[in-house]
Each structure stands twice: as structure tokens, then as C-alpha cells.
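# Understanding the architecture of this molecule
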Amino acid sequence: MTDDLKARAIALYDRFTHVHHDRRAFMGEMTKLAGSAAAAQALIATIAADPAAAVVIAEDDKRLDAKMVGWKGANGHTLTGYMAIPKKHAKKPAAVLVVHENRGLQPYTKDVARRLAIAGFVGVAIDFLSPQGGTPTDEDKARTMIGALDMPMTIADGVATVDWLSKHKLLNGKVGVVGFCWGGAMADRLAVACGPTLAAACAFYGPPPPPSEAAKVKAASLLHYAGTDDRVNAGAGPWVDALKAAGAEVTRYDYPGTQHAFHNDTSAARFNAEAATLAWDRTIAFFKEKLATESGK
């Protein structure tokens, strides 16, 4: 696969998954690009996420206690998510909320929670589709459900979750959030909505809020952007400028030559190991500084 073909295929896939959700139109465009239906399917397989490739930290890793848990959302309904707790941790560890992409709670997102736990945090990967019965196995259905969410209520559920974590008896009261793609956008929106309850927000390639919202942000922000992600990057500059003008603490990193979702190691065509490792190391250092926790104690 040439770099040009890969870039054009990813652009088509991103337009399908983030903009129009019309699979028939998407398949027609991809078939034209690849030359045949069979070649299109093979090309899509290299771009789409493969949940089986997600595991970096095993589900049964002996260093962790990890399981699904529930808590109350904004209007009293039950939210669910995957909580990973390091068996050896600070007396009062900090929590990091992990927000999924627009496919809902996937093995990759749970694995991110485990990676955070290995670093000494309590990682909680929320399922924002839990009020609708939880993330379905059909990714197209999950995207449709994400697109139909009542966004003010969804943000309110996120705020309720941050509040729950800030008061959890196991934890030190400091909460961070990290999100990817749709979850990156949600991380920024929670920074707007949570005020001082949220200490740190990290967004990977998340379309930002309107710059007019920046004055509401009290959390420190760490923003990672893919070099070729024109759709998201168009709003990145104004958002960062607005945060700085409002006196908010913000750090922006761009990763030249990378594709949208470069941290997601379940997608062979997008994953960039060098950029993903660097961005993750920066993320862990950021949370350790802003959430005042020590790994493994």
C-alpha cells in the first residue's frame, strides 16, 4: 500500500465514521479507490480497529484489580464503566477517567485504563452508552447511538462521574480525564463543564469546543494532535489561543506525519509507535505532576 493510497483511504474512512455514516456510499467510494470490492475490503481491514489487537496489559494482570463497576449519573440513572486499580498504589491514588472513541467502550479503551493503573493511577473507562443499554458489538450501531446522544445530558453524566471520583473514599480527590477522538472532544468539554473539580484534561485529536468556552476551563490541559488531521486541527489553534488568553494552563503537541487515531494500536494503518509512545509518556508525566500521585507506593 502506498502512502498516498493509505492517506486517501483513511480520509474516506474518517468521513464515514465521523461525518455522514452512510456505509453504502462509503463502500462505493472505497471500491472505486481500491479497484475492486475485494481490494476495498482488504484496505478497510488495515484501517478499521481490530479489538483483538488491543491488549498491552493483560486483563488478568496480577498487578491489578480490574472489573466493571456502576455509579449514578446526572439524573439518577446508572452509569457503568471499567475500573482498574493497582494492587500497590499510593495511600490515596488519583483517578483518571478514560473516554472512548465514537464506537463506545471497546477493549482498547479498557486497556488504556489498565495502562494508567500500571502507572499508579486508578483508571476508569466510562461507557457513555450505558444509559442506552451499553455499547453494542456492532460498531456501526454504536456510532449511530453515539451520534444520537443528548450532548448536554452526556456532558452532565461526565460531570457527575468526575464528581463521584473526586469524593471516592479510595482516592485522593484529584481527577484527570483522557479521551481519544470523540473522547478527546469530550475531555475538552468536561474541562469546560467541571470547573475546578477536574484537575487535568488530556485530549488526543479531539475536535475542540468553541473558543468562547475557554474562560470556563480551570483544569490544566494537555492536547495531542496528529500532523495530517486537517479536520480536527482546523479548530486547534483558536482553542489553544483562547485558553492562553483566558489564563488557563495549556500545552499543545503536534506529531508530524501521523494520522488521526495514531495512539490506537488496534488500527495497523493509523498506529504510529514512536508518536504513540512519546504522547503516552508525556501524558503520564502530565498526570503525575497535576494529580500529585506516585507510582507503585
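Residues numbered from 1 in each chain as written. Predicted model: local features only at pLDDT ≥ 70, side-chain atom pairs only at ≥ 80, totals over all residues. Heavy atoms only, no water.

Looking at an unreviewed UniProt entry, the protein chain carries the name Dienelactone hydrolase family protein, with the source organism given as Sphingomonas crocodyli.

## Focus: the packing of aromatic side chains
Our working definition: The aromatic pairing rule takes the rings of Phe, Tyr and Trp, using the six-membered ring of Trp, and pairs them if the centres are within 6.5 Å, calling planes under 30 degrees apart stacked, those over 60 edge-to-face and the rest tilted. Under the scheme used here, helices are H or I runs from DSSP no shorter than 4 residues and strands are E runs no shorter than 2 residues, and both carry numbers assigned from the N terminus. Type-normalised accessible area, obtained with a 1.4 Å probe on protein chains alone, sets the label of each residue: buried when under 20%, exposed when over 50%, and partly exposed for intermediate values.
Applying the stated criterion across every chain yields a total of 10 aromatic pairs. Judged by centre distance (4.6 Å) and plane angle (5°), the ring pair of Trp71 and Trp164 falls under stacked. With Trp71 in strand S1 (residues 64-72) and Trp164 in helix H6 (residues 151-166), this residue pair connects regions lying 93 residues apart in the sequence. Seen in terms of ring centroids, Phe128 and Trp182 are 5.8 Å apart; in terms of plane orientation they differ by 70°. Their pairing is edge-to-face. In this pair, Phe128 sits in the loop between strand S4 (122-127) and helix H5 (139-147) while Trp182 sits in helix H7 (residues 182-194), placing the two residues 54 residues apart along the sequence. Of the two residues, Phe128 and Trp182, both sit in the buried class. Through pairs of rings, three or more aromatic residues link up here, namely Tyr108, Phe180, Phe204, Tyr205, Tyr255 and Phe262.

## Notes on the domain arrangement of the protein chain
Heads up, the rule is: Residue ranges assigned to each domain were obtained from an automatic or database domain assignment. Contacts: residue pairs with any heavy atoms within 4.5 Å of one another. Accessible area, probed at 1.4 Å, shrinks when two parts are joined; the buried area is that loss added up over both. Salt bridge, as applied in this entry: a Lys or Arg side-chain nitrogen positioned within 4 Å of an Asp or Glu carboxyl oxygen. Any pair of N or O atoms that falls within 3.5 Å is considered a polar contact. Within protein, one atom must be able to donate a hydrogen and the other to accept it, and sequence-neighbouring residues count only if both atoms are side-chain atoms. Charged means Asp, Glu, Lys or Arg here, nonpolar means Ala, Val, Leu, Ile, Met, Phe, Trp, Tyr, Cys or Pro, and polar covers whatever is left, Gly included.
When cut into domains, the protein chain gives domain 1 (3-46) and domain 2 (64-291). For domain 1 versus domain 2, the distance between C-alpha centres works out to 28 Å. The interface is formed by 11 residues belonging to domain 1 together with 11 residues belonging to domain 2. Summed over both partners, the interface of domain 1 with domain 2 comes to about 1,000 Å²; 47% of that surface belongs to carbon and sulfur atoms. Applying the counting criterion to the domain 1 and domain 2 interface returns 0 salt bridges. Applying the counting criterion to the domain 1 and domain 2 interface returns 0 residue pairs in polar contact (both at pLDDT 80 or more). It is helix H1 (residues 3-20) that contributes the most residues to the side of domain 1 that touches domain 2, 8 residues altogether. Class assignment of the residues belonging to the side of domain 1 that touches domain 2 gives a composition of 4 nonpolar, 4 polar and 3 charged.

## Here's the deal with H6
Applicable threshold: Under the convention used throughout, the expected extent of a helix is 1.5 Å for every residue step, that is, one less than its residue count.
Here H6 is 16 residues long and its end C-alpha atoms lie 22 Å apart, about the 22 Å a rise of 1.5 Å per residue gives. Of all the residues in H6, the buried ones are Thr154, Ile155, Asp157, Gly158, Ala160, Thr161, Val162, Leu165 and Ser166. Close packing links the buried residues of H6 with S1, strand S2 (78-86), strand S3 (95-99), S4, strand S5 (175-180) and H7.

## Observations regarding the pairing of S1
Let me state the cut-off plainly: The pairing criterion for strands is at least two bridges between them, as found by DSSP.
Judged from the 9 bridges that link them, S1 and S2 form a sheet pairing that is antiparallel. Bridging across to S2, Met68 finds its partner in Tyr82. Between S1 and S2, which pair antiparallel and follow one another directly, the connecting turn spans 5 residues, one of which, Gly76, has a positive phi of 95°.

## Concerning the nonpolar core
Convention followed: Buried residues of nine kinds, namely Ala, Val, Leu, Ile, Met, Phe, Trp, Tyr and Cys, make up a nonpolar core once their side-chain atoms join them within 4.5 Å.
Among the nonpolar cores identified, the biggest contains 46 residues, and Leu97, Val177, Leu190, Leu198, Leu223, Trp239 and Leu243 are the most heavily contacted of them. At 7 residues, the largest contribution of residues to this core is made by H7. Ignoring sequence-local partners within four residues, the contact set of Trp239 consists of Asp188, Val192, Pro208, Pro209, Pro210, Pro211, Glu213, Ala214, Val217, Leu223 and Tyr225. Tyr108, Ala117, Ala119 and Ala125 belong to the second-largest nonpolar core, a separate cluster that totals 36 residues.

## Quick word on the environment of Ile155
Counting through the fold element by element, Ile155 comes out in helix H6. Note: C-alpha distance between Ile155 and Lys141 (14 residues apart in sequence) is 21 Å. Discounting residues that sit within four places of it in the chain, Ile155 has contacts with Met186, Arg189, Leu190 and Ala193.

## A look at the environment of Phe16
Relative to the helices and strands, Phe16 is located in helix H1. Judged by its relative accessible area of 2%, Phe16 is buried. Sequence-wise, Phe16 and Thr2 are 14 residues apart; in three dimensions their C-alpha atoms are separated by 21 Å.

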